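One-letter residues, chain by chain:
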Amino acid sequence: MACHGEGECMEPVEQRRASPRSRTLLEGHIIYNNRLSRMECSVRDLSETGARIVFAQPVKVPAQFELQIPKRKLVRQAQVMWYDGQAHGVMFLEDAASQPVRKVPVAKSQGKVPAMKKEPASVPDIIEDARHNIARLLGVSVDLIQLKLEIDR
């Protein structure tokens, strides 16, 4: 235990965690503003109950957002628990067992049609899927693809 001052002791951080964490270096996406806004981050630690996300420079993020980790096909609602400018500790709002995970869309190769989702897709979901598919077809980073939707009535 680490003690601070007269008799004020705290458990080490590892012992206070709800589940063990794993060090990672994964690409992450923060989705917020009714799925209209997105920020890129690195996921440096990951557990069943949360993550540590890092940015190239100090940024402000919303108190709650959706965190996507494409390589793990993970999508979770998260809440910021602490931050120090570039790094943010987030807690997942529901545990993995009870979370109805929405898989990150993965483009199918060789002309196969992707399986239909059980829930109806929203316009932001469709646009996000299109960005990923276009990036994959062009062989560029999805960050370089920006789509604009105009509706003429």
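Scroll up a little and you will see the structure.
The rules we used
Residues numbered from 1 in each chain as written. Predicted model: local features only at pLDDT ≥ 70, side-chain atom pairs only at ≥ 80, totals over all residues. Heavy atoms only, no water. Helix = DSSP H or I, 4+ residues; strand = E, 2+ residues; numbered from the N terminus. Contact = heavy atoms within 4.5 Å. Areas by Shrake-Rupley, 256 points an atom, 1.4 Å probe, with all protein chains shown as cover. Buried < 20%, exposed > 50% of the residue type's maximum accessible area, 1.4 Å probe, protein only. Salt bridge = Lys/Arg side-chain N within 4 Å of Asp/Glu carboxyl O. Pairing = 2+ DSSP bridges. Axes fitted to C-alpha atoms, helices over the stretch in contact; angles between N-to-C directions. Patch = residues over 30% accessible without salt bridge, like charges linked within 9 Å, V, L, I, M, F, W, Y side chains within 5 Å.

We now examine the overall build of the protein. Secondary structure summary: the protein contains two helices and eight strands in total. Start at the N end of the protein and walk to the C end: the helices and strands fall as β-β-α-β-β-β-β-β-β-α. Nonlocal contacts in the protein, meaning residues at least 24 apart in sequence, comprise 44% of its contacts between residues at least 6 apart. Working note: accessible area of the protein is about 10,900 Å², and carbon and sulfur atoms make up 54% of it.

Bringing unusual backbone geometry into the picture now. Leave glycine aside and you will find that most residues have negative phi; peptide bonds, for their part, are mostly trans. Its identity is not glycine, yet Asn 34 carries a phi of approximately 55 degrees, on the positive side. Tracing the backbone through its elements, the reader meets Asn 34 in the loop between β3 (22-32) and β4 (37-46). In the Ramachandran plot, Lys 73 falls in the positive-phi region, its phi being about 50 degrees despite a non-glycine side chain. Following the sequence through the fold, Lys 73 ends up in the loop between β6 (64-69) and β7 (74-83). Using a relative accessible area of 41% as the deciding quantity, one classes Lys 73 as partly exposed.

A few words now on the pattern of salt bridges. This structure, assessed with the given rule, holds five salt bridges. A salt bridge links Glu 40 to Arg 38; the nearest nitrogen and oxygen atoms lie 2.8 Å apart. Put simply, Lys 148 and Glu 150 hold a salt bridge, and the shortest N to O gap is 3.3 Å. A single salt-bridge network, built from bridges that share partners, covers Arg 23, Asp 45 and Arg 52.

All right, on to the sheet that holds β7 then. The strand order β3-β4-β5-β8-β7-β6 describes a closed barrel built from six strands, whose pairing is antiparallel. Between one strand and the next, the sheet's axes are offset by a mean angle of 45 degrees, whatever the strand orientation. Of the pairings in the sheet, the one linking β7 to strand β8 (residues 87-92) comprises five bridges and is antiparallel in character. Its bridge partner lying in β8, Ala 78 is registered against Phe 92.

This part covers the environment of Thr 49. As for its placement among the helices and strands, Thr 49 is situated in the loop between β4 and β5 (50-54). On the accessibility criterion, Thr 49 (31% relative accessible area) is partly exposed. Sequence-wise, Thr 49 and Leu 93 are 44 residues apart; in three dimensions their C-alpha atoms are separated by 8.0 Å.

This part covers a nonpolar patch on the surface. A cluster of nonpolar side chains, Met 81, Trp 82, Tyr 83, Met 91 and Leu 93, forms an exposed patch at the surface whose accessible area comes to about 530 Å². In terms of residue count, β7 provides more of the nonpolar patch than any other element does, three residues in total. Considering the arrangement of structural elements, one finds Leu 93 in the loop between β8 and α2 (123-138).

The element β8 is largely enclosed, with a buried count of five among its six residues. Judged from the five bridges that link them, β5 and β8 form a sheet pairing that is antiparallel. The residue bridging Ile 53 from the neighbouring strand is His 88, located in β8. Between β7 and β8, which pair antiparallel in sequence order, lie three residues; one of them, Gly 85, sits at a positive phi of approximately 100 degrees.

Fair warning: the whole summary comes from geometry, so function is off the table for now.
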